[in-house]
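# Observations on the three-dimensional arrangement
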Amino acid sequence: MASEKFETIESSAIPLPIENVDTDQIIPARFLKATTRDGFGENLFRDWRYDKKNNKNEKFVLNNPLYKGKILVAGKNFGSGSSREHAAWAIADFGIKVVVSSFFADIFKNNALNNGLLPVQVSEVFLSKMFEDINKNPDSMFKVDLVKQTISIISSGESEKFDISSYKKTCLINGYDDIDYLINIKDKIESFERTGK
């Protein structure tokens, strides 16, 4: 399923300075029955956003009107645990386009990239600076430039480069899924079949 094209995002951010956030915390197992991607955002971090009586936890950051934006800034080791793709679906369906952390679980990282969600891995020093900037001003803005593979703190001008596979970068920039990518290079595939080159 194709997604929106992604080149540059400038946005405020939602801070989640918690380490070792696993996929069951991102989207609890009881919400995995649906077969389409729609509606998962309402249950993102469900057990942190609501208590057992379904009352909203006003202290949790996603319920705090001070924090908003298309970027989630998370603690180290984000997305550990099970391989459920629904975790990436829930984050994307909530409206988040970028997750920043100093380390991602590999399976979560791949699931995110396959679903139009950009995981940006930064150094622990840069991550701390992002949290500090948000703590000073909840409206702080950040810029993620996928073409240049940089993330910037707009208030200070500091930036850091991040890694991404060239294939996934191409897919995100063009809004391709794996099938769209193959269709896009159909002429090259047919030429190789004919000529072996």
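Just so you know, the residues in each chain are numbered from 1, in the order the chain's sequence is written. Totals for whole chains, interfaces and linings use all residues, but because this is a predicted model, local features are given only for residues with pLDDT of at least 70 and pairs of side-chain atoms are given and counted only at 80 or more. Only hydrogens and water are set aside when side-chain values are computed; all heavy atoms of the structure are taken into account.

### A short note on the environment of Gly157
With respect to the helices, strands and loops of the structure, Gly157 is situated in the loop between strand 7 (150–153) and strand 8 (159–161). With 15 residues separating them along the chain, Gly157 and Phe142 place their C-alpha atoms 9.5 Å apart. Only DSSP runs of H or I covering at least 4 residues are called helices, and only runs of E covering at least 2 are called strands; the numbering of each starts at the N terminus.

### Description of the pattern of salt bridges
Whenever Lys or Arg places a side-chain nitrogen within 4 Å of a carboxyl oxygen from Asp or Glu, that contact is recorded as a salt bridge. A full pass over the atoms with the stated rule returns five salt bridges. Arg84 is the partner of Asp24 in a salt bridge, and the nearest nitrogen-oxygen pair spans 3.0 Å. Of this pair, Asp24 sits in helix 1 (residues 23–26) while Arg84 sits in the loop between strand 3 (71–74) and helix 3 (86–94); the two residues are 60 residues apart in sequence, bridging distant segments of the chain. Ionic pairing is found between Arg30 and Asp47, a salt bridge with its closest N-O pair at 2.5 Å. Of this pair, Arg30 sits in the loop between helix 1 and helix 2 (46–49) while Asp47 sits in helix 2, placing them 17 residues apart in sequence. Accessibility expressed as a relative area gives 47% for Arg30, which makes it partly exposed. Burial classification: accessible surface area is computed with a 1.4 Å probe over protein chains only, and a residue below 20% of its type maximum counts as buried, one above 50% as exposed, and the rest as partly exposed.

### Focus: the nonpolar core
Counting 52 residues, the largest nonpolar core has Phe45, Phe78, Phe108 and Leu118 as the members making the most contacts within it. Contacts were defined at the residue level, with two residues in contact if any of their heavy atoms lie within 4.5 Å. In this structure, Leu118 is in contact with Phe6, Lys97, Val98, Val99, Leu113, Val144, Leu146, Phe162, Ile164 and Leu172, ignoring residues within four places of it in sequence. In plain words, nonpolar cores are sets of buried Ala, Val, Leu, Ile, Met, Phe, Trp, Tyr and Cys residues tied together by side-chain atoms within 4.5 Å.

### Topic: the sheet that holds strand 2 (residues 13–16)
Only when DSSP finds a minimum of two bridges between them are two strands counted as paired. Read across the open sheet, the four strands follow the order 2-3-4-5; overall the sheet is parallel. Each end of this open sheet is capped by a strand with a single partner; those strands are strand 2 and strand 5 (118–121). Taken over all neighbouring pairs, the strand axes of this sheet differ in orientation by 20° on average, direction set aside. A fitted line through C-alpha atoms represents every axis, and for helices the fit uses only the stretch in contact; the resulting angles, taken between N-to-C directions, go from 0 to 180 degrees.

### With respect to the packing of aromatic side chains
Two rings from Phe, Tyr or Trp (for Trp, the six-membered ring) form a pair when their centres sit within 6.5 Å of each other. Planes less than 30 degrees apart are called stacked, planes more than 60 degrees apart edge-to-face, and all others tilted. Enumeration over the complete set of coordinates arrives at seven aromatic pairs. With a centroid separation of 5.5 Å and 70° between ring planes, the pair formed by Phe40 and Trp89 is classed as edge-to-face. Here the residue Phe40 occupies a position in the loop between helix 1 and helix 2, and Trp89 occupies one in helix 3, the gap between them amounting to 49 residues. Ring geometry for Phe78 against Phe108: centres 5.2 Å apart, planes inclined by 80°, an arrangement best described as edge-to-face. Within this pair, whereas Phe78 is found in the loop between strand 3 and helix 3, its partner Phe108 is found in helix 4 (residues 106–114), the two being separated by 30 residues in sequence. Per residue, the accessibility class of Phe78 equals that of Phe108, and both read buried. Ring-pair connections join several aromatic residues into one group, and the members of that group are Phe45, Trp48 and Phe60. The cationic tip of Arg46 hangs over the ring face of Tyr50; the distance from NZ or CZ to the ring centre is 4.2 Å. Our definition puts a charge over a ring when NZ of Lys or CZ of Arg is within 6 Å of the ring centre and also within 35 degrees of the ring normal.

### Quick word on the sheet that holds strand 1 (residues 8–11)
Pairing is antiparallel across the open sheet formed by four strands, whose spatial order is 1-6-7-8. Strands with a single pairing partner mark the edges of an open sheet, and in this sheet they are strand 1 and strand 8. The average undirected angle you get between the axes of adjacent strands in this sheet is 10°. As paired elements, strand 7 and strand 8 share three bridges and run antiparallel to each other. Opposite Ile151, over in strand 8, you have Glu160 as the bridge partner.

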